[in-house]
Amino acid sequence: MKAVELTKNEREVLEAIVANAKHYGEDNNFVLGEIEIYRSTVSLKGTTSSLQKKGMIYMHNENGYYFSGQVTEAGLHEVENIKVNN
């Protein structure tokens, strides 16, 4: 199985998502509008879409829009690897 490669932007957004999920402490859930990172809404949505395709997060589709989601085990593992390697 080939390892998933993340861009610098994807890593930064994933770390911010995991921090948000840990802040709320429930089942690794996060709220997209509460992610504390300097990115435009369009950029953040594009990056989260890419992270979802790579299996790092799962976005909940509410009325055709993505507002929240859940960090997958792969996403949590990736953030731990980022911390260890830095």
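Residues numbered from 1 in each chain as written. Predicted model: local features only at pLDDT ≥ 70, side-chain atom pairs only at ≥ 80, totals over all residues. Heavy atoms only, no water.

Draft legend 1. The arrangement of the nonpolar core in detail. Core analysis: the biggest nonpolar cluster contains 18 residues, and Leu 14, Ile 17, Phe 30, Ile 35, Leu 51, Ile 57 and Val 71 have the highest contact counts within it. Contributing elements (two or more residues each) for this core: helix H1 (8-24), helix H2 (41-53), strand S2 (57-62) and helix H3 (73-85). Of all the elements, H1 adds the most residues to this core, at 6 residues. For Phe 30, the residues in contact, after removing those within four places along its chain, are Ile 17, Asn 20, Ala 21, Ile 35, Ile 57, Met 59, Ser 68, Gly 69, Gln 70 and Val 71. (Core = buried A, V, L, I, M, F, W, Y, C linked by side-chain atoms within 4.5 Å. Buried < 20%, exposed > 50% of the residue type's maximum accessible area, 1.4 Å probe, protein only. Helix = DSSP H or I, 4+ residues; strand = E, 2+ residues; numbered from the N terminus. Contact = heavy atoms within 4.5 Å.)

Draft legend 2. Region of interest: the packing of H1 against H2. Two elements in contact, H1 and H2, have axes separated by 10 Å at closest approach and are oriented at 90°. With respect to H2, the element H1 is oriented roughly perpendicular. Touching Asn 9, Glu 10, Val 13, Leu 14 and Ile 17 of H1 are Ser 43, Leu 44, Thr 47, Thr 48, Ser 50 and Leu 51, all from H2. Counted by class, the contact of H1 with H2 contains 5 nonpolar, 5 polar and 1 charged residues. (Axes fitted to C-alpha atoms, helices over the stretch in contact; angles between N-to-C directions. Parallel < 35°, antiparallel > 145°, perpendicular 65-115°, else oblique. Nonpolar A, V, L, I, M, F, W, Y, C, P; charged D, E, K, R; others polar.)

Draft legend 3. Just the environment of Gln 70, in detail. In this structure, Gln 70 sits in strand S3 (residues 65-71). A residue is classified by how much of its surface remains accessible, and Gln 70, at 29% relative accessible area, is partly exposed. Here the alpha-carbon distance between Gln 70 and Asp 27, two residues 43 residues apart in the chain, equals 7.4 Å. Leave out the neighbours within four places in its chain, and Gln 70 touches Asp 27, Asn 28, Asn 29, Phe 30, Ile 57, Tyr 58 and His 60.

Draft legend 4. Structural context of the environment of Thr 48. Relative to the elements of secondary structure, Thr 48 occurs in helix H2. Classification of Thr 48 by relative accessible area gives buried; the value is 3%. With 38 residues separating them along the chain, Thr 48 and Glu 10 place their C-alpha atoms 7.9 Å apart. The residues touching Thr 48, leaving out its near neighbours within four places in the chain, are Val 13, Ile 17, Leu 32, Ile 57 and Met 59. In terms of polar contacts, Thr 48 uses its side chain to reach the backbone carbonyl oxygen of Lys 45, at 2.9 Å. (Polar contact = N/O pair within 3.5 Å; in protein donor to acceptor, adjacent residues only side chain to side chain.)

Draft legend 5. Spotlight on H2. Helix length check: H2 (13 residues) gives 18 Å between terminal C-alpha atoms against 18 Å at 1.5 Å per residue, within 8%. All buried positions along H2 are accounted for by Leu 44, Thr 47, Thr 48 and Leu 51. End-on view of H2: buried residues confined to an arc of 100°, all on one side of the axis. Opposite the buried face of H2, by more than 90 degrees, sit the exposed residues Val 42 and Lys 53. Looking one or two residues beyond H2, the residue adopting positive phi is Gly 55, at roughly 80°. (Expected span 1.5 Å × (residues − 1). Arc of directions from axis to C-beta.)

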